[in-house]
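Here is how the chains run, residue by residue.
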Amino acid sequence: MRLIKAFLLALLLFTLLSFPLQEKALRTSTSGIVSQERGFVLPSAGVLRVTTNAGKGANYSVSFYDPEDNRFLINETPKGQLNGYLKIEHAGYYFAQVTSYYAPVTLAYRMTSKYPSKRILEIKYFIGGTSAILLALLLFREVRR
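All chains use their own residue numbering, which begins from 1 and follows the written sequence. Where local features are concerned, this predicted model is filtered to residues with pLDDT of at least 70; where side-chain atom pairs are given and counted, the filter is 80 or more; whole-chain, interface and lining totals use all residues. Only hydrogens and water are set aside; all other atoms, that is, all heavy atoms of the structure, feed into the side-chain values.

**Structural notes on the sheet that holds strand β6 (residues 83-88)**
At step 1: Criterion used throughout: strands pair if DSSP finds at least two bridges between them. A helix here means a DSSP run of H or I that spans at least four residues, while a strand means a run of E at least two residues long, and both kinds are numbered starting from the N terminus. Judged by pairing direction, the sheet is antiparallel, and its four strands sit side by side in the order β1-β8-β3-β6 without closing on themselves. Two strands bound the open sheet, and with one partner strand each, they are β1 (31-34) and β6. Neighbour to neighbour, the strand axes of the sheet diverge by 25 degrees on average, direction disregarded.
At step 2: Bridge count for β1 against strand β8 (residues 107-115) is four bridges, and the pairing is antiparallel. In the sheet register, Gly32 faces β8, and the bridge partner there is Tyr109. To get an axis, a line is fitted to the C-alpha atoms, and for a helix only the part in contact is used. The angle between two axes follows their N-to-C directions and goes from 0 to 180 degrees.

**Comments concerning helix α2 (residues 118-144)**
At step 1: For α2, which comprises 27 residues, the first-to-last C-alpha distance of 38 Å matches the rise-based estimate of 39 Å (1.5 Å per residue) to within 8%.
At step 2: Burial classes follow relative accessibility: with a 1.4 Å probe on protein chains only, a residue under 20% of its type's maximum area counts as buried, one over 50% as exposed, and anything between as partly exposed. Residues Lys124, Gly128, Ser131, Leu135 and Leu138 constitute the buried set of α2. Residue count minus one, scaled by 1.5 Å, sets the expected span of a helix.

**A word on a nonpolar patch on the surface**
At step 1: Exposure above 30% relative accessible area and the absence of a salt bridge qualify a residue for a patch, where like charges join within 9 Å and nonpolar side chains (Val, Leu, Ile, Met, Phe, Trp, Tyr) within 5 Å. Areas reported here follow the Shrake-Rupley algorithm with a probe of radius 1.4 Å; residue values treat only the protein chains shown as occluding. For this document, the term salt bridge refers to a Lys or Arg side-chain nitrogen within 4 Å of an Asp or Glu carboxyl oxygen. A cluster of nonpolar side chains, Leu9, Leu13, Leu16 and Leu17, forms an exposed patch at the surface whose accessible area comes to about 380 Å².
At step 2: With relative accessibility at 40%, the residue Leu9 sits in the partly exposed group.

**Quick notes on the nonpolar core**
At step 1: Counting 22 residues, the largest nonpolar core has Leu48, Tyr60, Phe64 and Leu86 as the members making the most contacts within it.
At step 2: When contributions to this core are tallied by element, the ones reaching two or more residues are β2 (37-42), β3 (45-52), β4 (60-66), β5 (71-76), β6, β7 (92-100) and β8. Side-chain atoms within 4.5 Å are what join buried Ala, Val, Leu, Ile, Met, Phe, Trp, Tyr and Cys residues into a set we call a nonpolar core.

**Looking at the pattern of salt bridges**
At step 1: This model, assessed by the stated rule, comprises two salt bridges.
At step 2: As a salt-bridge pair, Lys5 and Glu142 come within 2.1 Å of each other at their nearest N and O atoms. Within this pair, whereas Lys5 is found in helix α1 (residues 2-26), its partner Glu142 is found in helix α2, the two being separated by 137 residues in sequence.
At step 3: Overall, Lys5 belongs to the buried group, its relative accessible area being 14%.
At step 4: Here Asp69 and Arg71 are joined by a salt bridge, their closest N and O atoms 3.9 Å apart.
At step 5: Exposure remark for Arg71: the relative accessible area of 36% places this residue in the partly exposed category.

**What to know about the sheet that holds β4**
At step 1: Sheet architecture is open: four strands sit in the order β2-β7-β4-β5, paired in antiparallel fashion. At either margin of the open sheet sits one strand with a lone partner, and together these are β2 and β5. When the angles between neighbouring strand axes are averaged without regard to direction, this sheet yields 15 degrees.
At step 2: Sheet analysis places β4 next to β7, joined by six bridges and oriented antiparallel. Paired with Ser61 across the strands is Thr99, a residue of β7.

**Looking at the side chain of Asp66**
At step 1: Within the secondary structure layout, Asp66 lies in strand β4.
At step 2: His is not counted, nor are the chain ends; Lys and Arg add positive charge and Asp and Glu add negative charge. For the buried residue Asp66, which engages in no salt bridge, the nearest side chain bearing the opposite charge is Arg71, 4.6 Å off.
At step 3: The contact rule is simple, with two residues in contact once any of their heavy atoms fall within 4.5 Å. Residues within four places of Asp66 in sequence aside, it is in contact with Arg71, Leu73, His90, Tyr93 and Tyr94.

**Quick notes on the packing of aromatic side chains**
At step 1: To pair, rings of Phe, Tyr and Trp, with the six-membered ring standing in for Trp, must have centres within 6.5 Å; the planes then decide the type, stacked if under 30 degrees apart, edge-to-face if over 60, and tilted in the middle. Scanning all chains against the criterion turns up five aromatic pairs.
At step 2: Relative to Tyr109, the ring of Phe40 lies with its centre 4.3 Å away and its plane at 15 degrees, an arrangement referred to as stacked. With a gap of 69 residues between them, Phe40 in strand β2 and Tyr109 in strand β8 connect regions that are remote in the sequence.
At step 3: Overall, Phe40 belongs to the buried group, its relative accessible area being 5%.
At step 4: What makes Tyr109 buried here is its relative accessible area of 4%.
At step 5: When the ring of Tyr65 is compared with that of Phe72, the centres are 5.0 Å apart and the planes differ by 55 degrees; the resulting orientation is tilted.

Dropping the structure here:
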């Protein structure tokens with residue numbers, strides 16, 4: 001019985017301690033530059049600002065791919081500079097590609113706001129809540145004896 005209580009307490013404490021660590025991770029800067037093609041990891045969900053340095057009439061294409069959802073967030077051939085925002089639904093690996101036909105074009109990205117993904121929060125609340133309830137029930141049962 002002690003082992004079960006210790007395990008539930010450890011699980012509850014781990015869940016509670018993960019929130020401040022997550023907040024610290026969300027405060028770190030996330031940005032980068034892509035000149036041809038590059039894969040990178042985004043540490044959280046959020047809003048990503050995407051810009052290019054192309055001049056008017058530049059002939060290039062931009063792709064931003066999410067392999068986890070198997071879909072393109074951007075797959076365009078803009079005329080001139082690209083300046084926009086992307087909503088990133090989850091943390092994970094992403095792939096960006098810039099194909100320029102004449103002049104070199106670079107794509108810059110920066111997370112303007114970060115937040116934990118809905119799925120991660122659901123898991124944390126479920127584990128923390130379940131372990132807290134089970135621990136409370138075990139302690140209540142022990143006190144009644």
